[in-house]
Amino acid sequence: MKQIRAVIFDIDGVLEYQGKVFPGACEILEQLRSRGIAVRFLTNSTLKSRASCAEKLRSRGFAADEQEVFTASYTTAQYLHEQKASSIWLMLEREGVDEFADFTHDEEYPEYVVVGDNRSRFDFDHLNRALRLLSGGAKLVGMSNELIDASMGGLELNVGSWAGMLERASGKPAVYIGKPFSYGFQLAVKDLFCQPDEVLVVGDRLSTDVQGAVNCGMRSVLVKTGEFKPSHLQLPVKPDWILEGVGDLLTVSCFSE
């Protein structure tokens, strides 16, 4: 097997969780870079832009550059640029909105309805408007298909719940961008100038991180932190390695090959 030249990290649940940095997480990034191994961060967060996500990582003690970060808001914007989207109606809050500054925003006849984490604005008026726009011919893009999120402590409805409801109500299938779908992984690999089998993905969820790695031909590590549950190991997708935490990453055999 090829030597590992780069590592793609999930953030929430792998490097930190609910505001606390995991032991050894900052040091692992330093050790990888000292070996000439590139690092990227791939997250399904839609509320953060690349810039705000990198700044949050730095505030936690991680060495992170904006260009190393791939948020679901950023990858969705890149997808829409590739599609040459003429206009969008964006359902999203906070800094993630910054990634869509270059688009024409049209509340009446958009080509795409784009669903991220709109939080308190997921009300009747906004959702009903989205339904009517889709029924009128707009296409539906969901930044993530995850139904719930527990990274802040309590359970919260996630983007996939709202986008899925609009799918069912409108009869319009959504294009989903975030993990486990391949688009974000492929963007990161292209940025790394690596082949997929030279990249290792580290995540806490089989259904997103590991499944995405398998879909793209990359090796994967599952860490038993964050949203990991032993029951998840019953899923058919399997990681190449399972670790107690990210601090043990350099013990996996691919770094001694």
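Below is a summary of the structure that appears in this document. (Residues numbered from 1 in each chain as written. Predicted model: local features only at pLDDT ≥ 70, side-chain atom pairs only at ≥ 80, totals over all residues. Heavy atoms only, no water.)

What follows deals with a nonpolar patch on the surface. A contiguous nonpolar surface patch, about 430 Å² in accessible area, is contributed by Leu-147, Ile-148, Leu-155 and Leu-157. Here Leu-155 shows up in the loop between β9 (148-149) and β10 (156-157). (Patch = residues over 30% accessible without salt bridge, like charges linked within 9 Å, V, L, I, M, F, W, Y side chains within 5 Å. Areas by Shrake-Rupley, 256 points an atom, 1.4 Å probe, with all protein chains shown as cover. Salt bridge = Lys/Arg side-chain N within 4 Å of Asp/Glu carboxyl O. Helix = DSSP H or I, 4+ residues; strand = E, 2+ residues; numbered from the N terminus.)

At their nearest, the axes of helix α3 (residues 72-82) and helix α6 (residues 182-192) sit 10 Å apart, and the two run at 90° to each other. Classified by the angle between their axes, α3 and α6 sit roughly perpendicular to one another. Across the interface between the two elements, Tyr-74, Thr-75, Gln-78, Tyr-79 and Glu-82 of α3 pack against Tyr-183, Gly-184 and Leu-187 of α6. Its residues assigned to classes, the contact of α3 with α6 shows 4 nonpolar, 3 polar and 1 charged. (Axes fitted to C-alpha atoms, helices over the stretch in contact; angles between N-to-C directions. Parallel < 35°, antiparallel > 145°, perpendicular 65-115°, else oblique. Contact = heavy atoms within 4.5 Å. Nonpolar A, V, L, I, M, F, W, Y, C, P; charged D, E, K, R; others polar.)

This part is about the packing of aromatic side chains. Taken as a whole and judged by the stated rule, the model has 5 aromatic pairs. Between Phe-70 and Tyr-74, the aromatic rings sit 5.8 Å apart at their centres with planes inclined by 70°, giving edge-to-face as the arrangement. Of the two residues, Phe-70 and Tyr-74, neither departs from the other in class, the shared state being buried. Consider the rings of Phe-100 and Phe-103, whose centres lie 6.0 Å apart with planes at 40°: the pair is tilted. The class of Phe-100 is buried, set by a relative accessible area of 0%. On the accessibility criterion, Phe-103 (8% relative accessible area) is buried. (Phe/Tyr/Trp six-rings, centres within 6.5 Å; stacked < 30°, edge-to-face > 60°. Buried < 20%, exposed > 50% of the residue type's maximum accessible area, 1.4 Å probe, protein only.)

What follows deals with unusual backbone geometry. A cis geometry characterises the amide bond from Lys-179 onward to Pro-180, with omega recorded as 15°. Examined against the element boundaries, Pro-180 turns out to sit in the loop between β11 (174-176) and α6. Of note in this structure, Arg-94 is not a glycine but carries a positive phi near 65°. Along the polypeptide, Arg-94 turns up in the loop between β6 (88-91) and β7 (112-115). Residue classification places Arg-94 among the partly exposed positions, given a relative accessible area of 48%. The backbone phi angle of Arg-119 is positive, close to 45°, even though this residue is not glycine.

With that out of the way, let us pick up α6. Of all the residues in α6, the buried ones are Tyr-183, Gly-184, Phe-185, Leu-187, Ala-188, Val-189 and Leu-192. On its buried face, α6 is in contact with β1 (6-9), β4 (38-42), β5 (69-70), α3, β12 (199-203) and α7 (206-216).

A word on the pattern of salt bridges. The final tally for this structure, using the stated rule, is 17 salt bridges. The closest approach of N and O atoms between Arg-205 and Glu-146, which form a salt bridge, is 2.2 Å. Here Glu-146 lies in the loop between β8 (139-142) and β9 and Arg-205 lies in the loop between β12 and α7, a separation of 59 residues in the sequence. Neither Arg-205 nor Glu-146 differs from the other in exposure class; each is buried. Ionic pairing is found between Asp-209 and Lys-179, a salt bridge with its closest N-O pair at 2.8 Å. Within this pair, whereas Asp-209 is found in helix α7, its partner Lys-179 is found in the loop between β11 and α6, the two being separated by 30 residues in sequence. For Lys-179, a relative accessible area of 5% corresponds to the buried category.

Before going further, it helps to spend a moment on the side chain of Glu-227. Mapped onto the elements, Glu-227 comes out in the loop between β13 (219-223) and β14 (241-243). The class of Glu-227 is buried, set by a relative accessible area of 18%. Look past the residues within four positions of Glu-227 in its chain and what remains in contact with it is Tyr-17, Asp-149, Ala-150, Ser-151, Asp-204, Arg-205 and His-232.

Running from amino to carboxyl end, α6 crosses α7 at an angle of 65°, the nearest separation of the two axes being 9 Å. In terms of orientation, α6 lies roughly perpendicular with respect to α7. Crossing hand, α6 versus α7: right-handed. Two secondary-structure elements touch here, α6 through Ser-182, Phe-185 and Gln-186 and α7 through Thr-208, Asp-209, Gly-212, Ala-213, Asn-215 and Cys-216. (Left-handed = near helix turned anticlockwise from the far one by under 90°.)

To continue, consider the sheet that holds β11. Pairing within the open sheet is parallel, and its 4 strands lie in the order β6-β7-β8-β11. Every interior strand has two partners, whereas the edge strands, β6 and β11, have only one. Going across the sheet, the axis of each strand differs from the next one's by a mean of 20°, ignoring polarity. Along the sheet, helix α4 (residues 124-135) makes contact with β6, β7 and β8, crossing β6 at roughly 150°. Contacting β6, β7, β8 and β11, helix α5 (residues 159-170) runs over the sheet at an angle of about 155° to β11. (Pairing = 2+ DSSP bridges.)

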